[in-house]
Amino acid sequence: MALLSLQFNKRHNQRRRYTNIAVLFFQFCGKMIVFLSPGRCWSKRRSRQFNRVSSLCVLVTITTILLILCAAWNITSSSNRDILSPRPSTHLVANIRPTGSAGVYEGSSYRKESVSLVEQPPPPLHPPPRVAIIVAGTLQRFMFRNTVDNLIRPLVKQSSRVDYYLSLTTSAGTPYRAGGTGAGAGGKTSYLNHLEKIDPLLQLPLSGAVTNGAVESMHDNNNHNTTAKILWNPIAVEELIRSEIGRAGASIGELLIQESIDIDSEPMLRAKRQRALKEHPGEDADLRFPIFDIRSPEIGKRTANANRNLLRLHYAVERLWESLLKWEEEEGFEYDYVLFLRDDSLWLSRFDLEVFESTVKKKKEKTEDVVDVFVPACDAREPPMDSHELNDHAILSRRPSAHVFGRYYSMLLNNGRRRNDDGNGGYDHDDNSSIVEACMSRLPRSMTSVARKEGGTVRNAIMDVKVRGCNSEMLLQWVIDANRVKVKKVGQGLIPFQRSVNIRLRDGSVVQCFHKFCQSREDALVLDSQSPKKCTSYTFNS
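Only a predicted model underlies this, so the values are computations on that prediction, with no experimental measurement involved. (Residues numbered from 1 in each chain as written. Predicted model: local features only at pLDDT ≥ 70, side-chain atom pairs only at ≥ 80, totals over all residues. Heavy atoms only, no water.)

Caption draft 1: Just the overall build of the chain, in detail. Each helix and strand counted, the chain has 14 helices and 17 strands in total. Buried positions account for 43% of the 542 residues belonging to the chain. Contacts in the chain between residues at least 24 apart in sequence constitute 70% of all its contacts with a sequence separation of at least 6. In the structure as shown, the chain presents an accessible area of about 29200 Å², 53% of it carried by carbon and sulfur atoms. (Helix = DSSP H or I, 4+ residues; strand = E, 2+ residues; numbered from the N terminus. Buried < 20%, exposed > 50% of the residue type's maximum accessible area, 1.4 Å probe, protein only. Contact = heavy atoms within 4.5 Å. Areas by Shrake-Rupley, 256 points an atom, 1.4 Å probe, with all protein chains shown as cover.)

Here it is in structure tokens:
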């Protein structure tokens, strides 16, 4: 925010005005005293009428002098009180910040800035926290309505200043479990083949208006699947998102809606793929990085798809992070918190930032190590999390450590190099080892290797064939440890969301369901009969 501050010293003008009046009064009184001097008055003592008038003039003159002295005393006392207890001065502030109404469309970027001149009091000693929300993903899975109602509005009501950074693609990536045959593997009976194409909040204002190019859905009448063709209008969707964010009292920091995220031309990834093809000719270049799992051909195919989706996600987040840094530099401020979220985060109740603020303040008061990052504990999940995993569904980071997640893509491609925004860097493991190998080295051999028989006997079997490495949650744990970030795991009820999707049932109705469910033992998320169900509870006939 650019601030133009002009301070008007009313006290100085008021003193000057009173001084001028006092001088005029004293000049008048001096002239009256000279005019009514005894010589002039006694020289005409024969006139009784004139003597009465003269006496009256002297009385008025003396009274006026006394009143002026009293007024001068009051002004002096008031000035002293102002010096001891100064009143807040008035500031004229020109606010320049992104808003949510209209703007200029430039390629795939759409950003609006407005200027308003308002009179504001000086900034408080402890200003409310500034929060940046960073979300990247696909428009198909984007959960918007509940984000506005249960995340953004509560933050604004708590006097937080919220900026929303969003990157969405109109083409959906291949799901991780695509290509399978079962209900949970993306086969014909899987809920993944029944996904609804757009969040209701983004669809309702455009329903029936296919000519607007917003969305065109074609349903197969035989199996009621949404198989179809989607025609997105980026400008229409952007306008709707901006409008809702503005009504909630927040601002758009950056909003990017494009067909896809191009990672194929990114130099670091191209070099990584070329090395992979040299080492493993004939393989998918994305099979072994950053997730490594080749236990079977089917799992390998899913892993390659997951790697591409993961790289696109973190590359989009890094682009938003660059916009955040540019905005901070231009306006000369830093956010207090940065919240990194997935596109499919369904907020089920109101988020309370004050809980986390109080935790940080208590740590500071006790001179303990201040928590850098808050993540969902997810310690009551089925199946349970491994001890090497850290939930990556949401990350609430204090600003000093937020660069670790804002530059996560570059960190993965630079073999875990710690790169701060000020240019400082360093390695936390052997320069020659990749991040995949470094993370894998912390896992037990029973998790990464399989037995290979030699000589046809089990006795000679050795576990030296590595077929599995770290998943995305293990990589996050390794990166956080490598960068020495202080993490606090919190209950799901304190970050009340679940990763969800919209699915269309056979009767044509659309419901929301949890496709990645997370729960905690303490401060658990309270669910009732009206809450969505797990997606696996719905069955679809082939």
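Caption draft 2: Representation of the packing of aromatic side chains. This structure, assessed with the given rule, holds eleven aromatic pairs. Aromatic pair Y165 and Y335: ring centres 6.3 Å apart, planes at 85 degrees, arrangement edge-to-face. Of this pair, Y165 sits in strand β6 (residues 161–169) while Y335 sits in the loop between α8 (297–331) and β8 (337–342); the two residues are 170 residues apart in sequence, bridging distant segments of the chain. Across the pair, Y335 and Y165 agree in class, each one buried. Measuring from ring centre to ring centre gives 5.7 Å for W347 and F351, while their planes differ by 75 degrees; the resulting arrangement is edge-to-face. (Phe/Tyr/Trp six-rings, centres within 6.5 Å; stacked < 30°, edge-to-face > 60°.)

Caption draft 3: Broad picture of unusual backbone geometry. Residue P290 is bonded to the preceding F289 through a cis peptide linkage, with omega at -5 degrees. Structurally, P290 can be placed in the loop between α7 (267–279) and α8. The omega torsion of the bond from E382 to P383 falls at -5 degrees, within 30 degrees of zero and hence cis. Turning to its location among the elements, P383 is positioned in the loop between β10 (373–376) and β11 (394–398). Positive phi is not limited to glycine here, since S159 has a value of about 70 degrees. Positive phi, close to 55 degrees, is recorded for C378, a residue that is not glycine. The residue C378 is located in the loop between β10 and β11 in this model. On the accessibility criterion, C378 (0% relative accessible area) is buried.

Caption draft 4: Seen up close, the state of the cysteines. Under the definition given, this model contains three disulfides. The partner cysteine of C378 in its disulfide is C518, sulfur to sulfur 1.7 Å. Here C518 lies in the loop between β16 (510–516) and β17 (533–534) and C378 lies in the loop between β10 and β11, a separation of 140 residues in the sequence. A disulfide bridge connects C513 with C535, and the sulfur atoms are separated by 2.0 Å. Judged by the sign of its S-S torsion, about 90 degrees, the bond between C513 and C535 is right-handed. One end of the pair, C513, is in strand β16; the other, C535, is in the segment after β17, and 22 residues separate them in sequence. (Disulfide = S-S within 2.5 Å.)

Caption draft 5: The arrangement of the pattern of salt bridges in detail. For the structure on display, the rule yields 22 salt bridges. The partner of D293 in a salt bridge is R468, with the nearest N and O atoms 4.0 Å apart. Note that D293 is positioned in the loop between α7 and α8 and R468 in the loop between β13 (457–466) and α14 (472–482), a separation of 175 residues in sequence. Assessed through its relative accessible area of 6%, D293 is described here as buried. Among the residues examined, R468 registers a relative accessible area of 28% and is labelled partly exposed. One salt-bridge network, held together by shared partners, links D264, R273, D284, D286 and R308. (Salt bridge = Lys/Arg side-chain N within 4 Å of Asp/Glu carboxyl O.)

Caption draft 6: Quick look at the pairing of β10. Judged by which residues are buried, β10 turns out to be covered on both faces: V373 and V375 on one side and F374 and P376 on the other are all buried. Of the pairings in the sheet, the one linking β10 to β11 comprises two bridges and is antiparallel in character. In the strand pairing of β11, F374 is matched with L396. Here β10 pairs with strand β14 (residues 487–490) via four bridges, running parallel. (Pairing = 2+ DSSP bridges.)

Caption draft 7: Highlighting the sheet that holds strand β9 (residues 345–347). Strand order in the open sheet made by the four strands is β9-β15-β16-β17, with mixed pairing throughout. Bordering the open sheet on either side are β9 and β17, each of which pairs with just one other strand. Where strand β15 (residues 497–504) and β16 come together, six bridges link them in antiparallel fashion. Within β16, the residue paired with R499 across the bridge is K516. Where helix α4 (residues 145–157) meets the sheet, its contacts fall on β9 and β16, and the angle it forms with β9 comes to roughly 55 degrees. (Axes fitted to C-alpha atoms, helices over the stretch in contact; angles between N-to-C directions.)

Caption draft 8: Quick peek at the environment of R145. Along the polypeptide, R145 turns up in helix α4. Classification of R145 by relative accessible area gives partly exposed; the value is 33%. Between the C-alpha atom of R145 and that of E244, which follows or precedes it by 99 residues, the distance is 9.0 Å.

Caption draft 9: Highlighting the confidence of the model for the chain. Per-chain confidence: the chain averages 76 in pLDDT, with 62% of residues scoring 70 or above. Counting interchain partners and residues more than four positions distant, the pLDDT-below-50 stretch residues 1–11 has 27 contacts. In the model, residues 204–231 has pLDDT below 50 throughout and makes 44 contacts with residues more than four positions away in sequence or in other chains. (pLDDT = per-residue confidence, 0-100.)

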